[in-house]
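Examination of the molecular architecture
This is what each chain is made of:
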Amino acid sequence: TAGHTVDTTVVGSIEYAVEVLHTPLIVVLGHDKCGAVHAAAQTLATGEQPPGFIRAVTDRVIPSIVAMTATPEALDEIDEALLRTEHVKHTAEMLHGYSAAIAAAVAEGRCAIIGLEYDLEDGAAHLIKVIGDIGEE
Ligand SMILES: [Zn+2]
């Protein structure tokens with residue numbers, strides 16, 4: 001989904017992957033120059049909502065701002081890179097917190113959740129969040 005946003009259908013799809021298909025790893029993959037993060041930052045800075053159902057995406061990115069370690073002095077100074085990183089971590093934590101099935105799978109070592117940031121320039125993905133056992137980090 002845009003901005004790796006999560007709703008009940010997404011969580012249901014992931015629960016199916018974990019419980020029925022025995023998927024061992026859930027990957028939340030953020031990336032630089034993310035339009036969803038940019039749109040959310042713009043909404044926070046200007047108060048103007050994006051058109052149509054794009055708002056449904058930004059509405060699911062904006063809560064990640066509360067998890068940001070450094071509170072911006074003004075909403076027009078939101079660090080998009082920081083918001084992107086926090087949104088990856090927040091999404092991983094949401095999946096673990098919302099879904100009892102996913103949390104149980106993680107607790108039993110059947111599945112783990114990781115958050116990665118993908119760099120469009122160098123093509124590398126950087127590990128920024130781990131929930132559960134992934135072996136050697
Ligand atoms: Zn994106």
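For the structure itself, look to the data block above.
Summarised in this report is the structure supplied together with it.

Cut-offs applied
All chains use their own residue numbering, which begins from 1 and follows the written sequence. Owing to the predicted nature of the model, reporting of local features is limited to residues with pLDDT of at least 70; listing and counting of side-chain atom pairs is limited to 80 or more, with chain, interface and lining totals taken over all residues. Neither water nor hydrogens contribute to the side-chain values; these are computed over all heavy atoms in the structure. Only when DSSP finds a minimum of two bridges between them are two strands counted as paired. A helix here means a DSSP run of H or I that spans at least four residues, while a strand means a run of E at least two residues long, and both kinds are numbered starting from the N terminus. With axes taken as lines fitted to C-alpha atoms, and helix axes fitted only over the stretch in contact, angles between N-to-C directions fall between 0 and 180 degrees. Here, two residues are considered to be in contact whenever any of their heavy atoms come within 4.5 Å of each other. Remark: exposure states derive from per-residue accessible area (1.4 Å probe, protein chains only) relative to the maximum for the residue type, with buried under 20%, exposed over 50%, and partly exposed in between. Taken from the helix axis, the directions to the C-beta atoms give the arc we talk about. Keep in mind that water is not among the atoms, so a site may look incomplete; donors are the N, O and S atoms within 2.8 Å of the metal, or 3.2 Å for Na, K and Ca. Residues enter patches when they are more than 30% accessible in relative terms and free of salt bridges; like-charged ones are connected within 9 Å and nonpolar ones (Val, Leu, Ile, Met, Phe, Trp, Tyr) within 5 Å. Residue burial considers only the protein chains on display, and all accessible areas are found by Shrake-Rupley using a 1.4 Å probe. Note on definitions: salt bridges are taken to be side-chain nitrogens of Lys or Arg within 4 Å of carboxyl oxygens of Asp or Glu.

Overview of the sheet that holds strand β3 (residues 125–131)
Here 3 strands make up an open sheet; going across it, the order is β1-β2-β3 and the pairing mixed. Two strands bound the open sheet, and with one partner strand each, they are β1 (25–31) and β3. If you compare each strand with its neighbour and ignore which way they point, the axes differ by 25 degrees on average. Bridge count for β1 against strand β2 (residues 112–118) is 7 bridges, and the pairing is parallel. Residue L25 lies in a different strand from β2, and its bridge partner there is A112.

What to know about the environment of H31
Considering the arrangement of structural elements, one finds H31 in strand β1. Between the C-alpha atoms of H31 and D7, which are 24 residues apart in sequence, the distance is 20 Å. Not counting chain neighbours up to four residues away, the residues in contact with H31 comprise R84, Y118 and L120.

Some thoughts on helix α5 (residues 100–107)
Along α5, the residues that are buried comprise I102, A105 and V106. Mapping the buried residues of α5 onto a view down its axis gives an arc of 100 degrees, with all of them on the same face. Across from the buried face of α5, at angles greater than 90 degrees, the exposed residues are A100 and A107. Buried residues belonging to α5 abut α1 (8–19), β1, α4 (80–98), β2 and β3. G109 sits one or two residues past α5 and shows a positive phi near 75 degrees.

Some remarks on the coordination of the zinc ion
In this structure, H31 (NE2) and C34 (SG) serve as the protein donors to the zinc ion, at separations of 2.1 to 2.3 Å. Residue classification places C34 among the buried residues on the basis of a relative accessible area of 9%.

Focus on a nonpolar patch on the surface
On the surface, L25, V27, L29, Y118 and L120 cluster together to form a nonpolar patch covering roughly 410 Å² of accessible area. Of all the elements, β1 adds the most residues to the nonpolar patch, at 3 residues. Here Y118 lies in strand β2. Among the residues examined, Y118 registers a relative accessible area of 31% and is labelled partly exposed.

Overview of unusual backbone geometry
Its identity as a non-glycine residue notwithstanding, H4 has a phi of 35 degrees, on the positive side. Its place among the elements puts H4 in the segment before α1. Here H4 falls in the buried class, since its relative accessible area comes to 14%. Even without glycine at this site, H22 takes up a positive phi of about 60 degrees.

Regarding the pattern of salt bridges
This model, assessed by the stated rule, comprises 6 salt bridges. Between K89 and E86 there is a salt bridge; the shortest N-O distance is 3.8 Å. Here E86 and K89 lie together in helix α4, a separation of 3 residues that amounts to about one turn. The shortest N-O distance in the salt bridge between K129 and E93 comes to 2.8 Å. Taken together, the positions of K129 in strand β3 and E93 in helix α4 put the pair 36 residues apart, joining distant regions of the chain. Each of E19, E108 and R110 takes part in salt bridges that share partners, so that together they form one network.

Function cannot be inferred from these measures alone, as they are strictly geometric.
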